[in-house]
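Understanding the architecture of this molecule
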There are 2 protein chains.
Amino acid sequence: MEYEDEDWLCVDMEEFSLATENGSNRRQRMGRKRNYDDENREYKSKNLETERRRREKLSSRLLMLRSLVPIITNMNKATIIEDAITYIKKLQDKVQSLSQELHQMEATSEEIVETKVDEIDAAEDMKKWGIEPEVKVEQIDENKLWIKIIIEKKRGRFRKLIEALNNFGIEFIDTNLTTTKGTFLITSCIQGKDGDRLAVHQTKNLLQDIINDI
Amino acid sequence: MEYEDEDWLCVDMEEFSLATENGSNRRQRMGRKRNYDDENREYKSKNLETERRRREKLSSRLLMLRSLVPIITNMNKATIIEDAITYIKKLQDKVQSLSQELHQMEATSEEIVETKVDEIDAAEDMKKWGIEPEVKVEQIDENKLWIKIIIEKKRGRFRKLIEALNNFGIEFIDTNLTTTKGTFLITSCIQGKDGDRLAVHQTKNLLQDIINDI
DNA sequence: CCTCACACGTGATGC
DNA sequence: TGCATCACGTGTGAG
């Protein structure tokens, strides 16, 4: 493409020098050189319409482009593209920073419940300390249950537990989470979101199912 | 604008018929018609250079635009802009979905530490139960400190605390978080990420500064 | 009056 | 060969 341009420029220069040498009759020269017959007195130029469409198309694209770019410094064809360029750069930056922020957020979100403990060590730690997984559910009053969960520490496991119970319409109250020795120790009150009563053994089964899944 | 086009066409046709009448010397005619002096046999057109720059500028902008767009279907001027348009749309979509995802993430992330407690009640709860804010820091060994923090429960406050300390190169170990009676009770060990030693009173000041900010 | 930006028609060129 | 694209020079209107 570039060399094509170069060729173009060269051709042009050549033509230009020719023109300057030949003075005012260069056009005739060019015209006579080929293309249309000398005797034809009607108008010529075969690709007039085609070229017109091309220009029209290009202009419309340019307008579409302009309509997409929020900040516009000028109506110039060149500045339209320029603004588009800066806008694209801005968008790219934004995408990058956003995704970065999101990853960072994911990381910290998981750090909260894990505090950066290597999860490979977790199982070993549990063994070493002789800690067994445990799920306990007791009734507090007619609406609330008290639960105690000891599980192996895994990435995001606490968050997943909360989310899963949320999906079953159960919310946590006065939650206590301790992370130590490769485990999560969770104690909390829970209750149904809409005041639903929670059955003890059903809740326990639900908890165990969830824990097995996460 | 359109009528300008029309005018152009008219003028052009007029010129054209003239040209056809005069045959090969139409260009001279046009030249003579006005604009540049009749006797000047050198080339005319004052804004030739200017126009050339304009074109050059536009082309360069177009190339710059093209270099920014990753997917290119064609080298065409029109398709360059077209690709840029689709790319911009794609970027905009991506930004939107990303920010949306991020907000959603923030929401769930805050649910974790809050378990959906209304924060307006938090301050009242603290008062009612006579609980005072507290920050305590003690040395465990040469690398680790033990901290205890009691603060009013606020949306995302625990996450912000973790993040802030992370920024100061401090990480949490064996963290315990209890949410009850409108407060967060946080107890945890902390240590410097690179094995840096942490001074007790400096850490305490840092903690208090952070808590005041969040 | 002059500068700037534009649309136009046109020859040349690649496929 | 025709078809599509291009750069070019130019006239013209707006500021």
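As annotated in an unreviewed UniProt entry, chain A carries the name BHLH domain-containing protein and is attributed to Clitoria ternatea. According to the UniProt record, the Subcellular location (unreviewed entry) comment for chain A is "Nucleus".

As for the confidence of the model for chain A
Atom-level detail of predicted coordinates should not be read off regions where pLDDT is low. Residues and elements named next belong to chain A. Summarising the model, chain A shows a mean pLDDT of 72, and 66% of its residues fall at 70 or more. Contacts for the low-pLDDT stretch residues 1-40, under 50 throughout, to residues beyond four places or in other chains number 25 contacts. Between residues 112-118, whose pLDDT stays under 50, and residues either more than four places distant or in other chains, the model counts 23 contacts.

Description of the environment of Asn-74 of chain A
As for its position among the elements, Asn-74 of chain A is in the loop between helix H3 (48-68) and helix H4 (77-114). With residues up to four places along the chain from it excluded, the contact list for Asn-74 of chain A reads Arg-66, Thr-79, Ile-80 and Asp-83 of chain A.

Focus: the pairing of strand E4 (residues 183-192) of chain B
Residue and element names in this part refer to chain B. Most of E4 sits inside the fold, with 8 of its 10 residues counted as buried. Summarising the sheet, strand E2 (residues 144-152) and E4 pair through 9 bridges and their orientation is antiparallel. Looking at the pairing, Leu-145 lines up with Ile-190 of E4. In this sheet, E4 lies alongside strand E3 (residues 170-180) in antiparallel orientation, the contact comprising 9 bridges. Note that in E4 the partner of Ile-170 across the bridge is Gly-192.

Here's the deal with the nonpolar core
Ranked by internal contacts, the top residues of the largest apolar core, which has 30 residues, are Leu-65, Ile-81 and Ile-88 of chain A together with Leu-65, Ile-81 and Ile-88 of chain B. At the level of secondary structure, the elements contributing two or more residues to this core comprise H3 and H4 of chain A together with helix H3 (48-68) and helix H4 (77-114) of chain B. Those residues in contact with Leu-65 of chain B, other than ones at most four positions away along the chain, are Leu-65, Ile-81, Ala-84, Ile-85 and Ile-88 of chain A together with Ile-80 and Ala-84 of chain B.

Analysis parameters
- Residues numbered from 1 in each chain as written.
- Chains lettered and ligands numbered in written order.
- Predicted model: local features only at pLDDT ≥ 70, side-chain atom pairs only at ≥ 80, totals over all residues.
- Heavy atoms only, no water.
- UniProt positions renumbered as here; feature names shortened; annotations may be inferred.
- pLDDT = per-residue confidence, 0-100.
- Contact = heavy atoms within 4.5 Å.
- Helix = DSSP H or I, 4+ residues; strand = E, 2+ residues; numbered from the N terminus.
- Buried < 20%, exposed > 50% of the residue type's maximum accessible area, 1.4 Å probe, protein only.
- Pairing = 2+ DSSP bridges.
- Core = buried A, V, L, I, M, F, W, Y, C linked by side-chain atoms within 4.5 Å.

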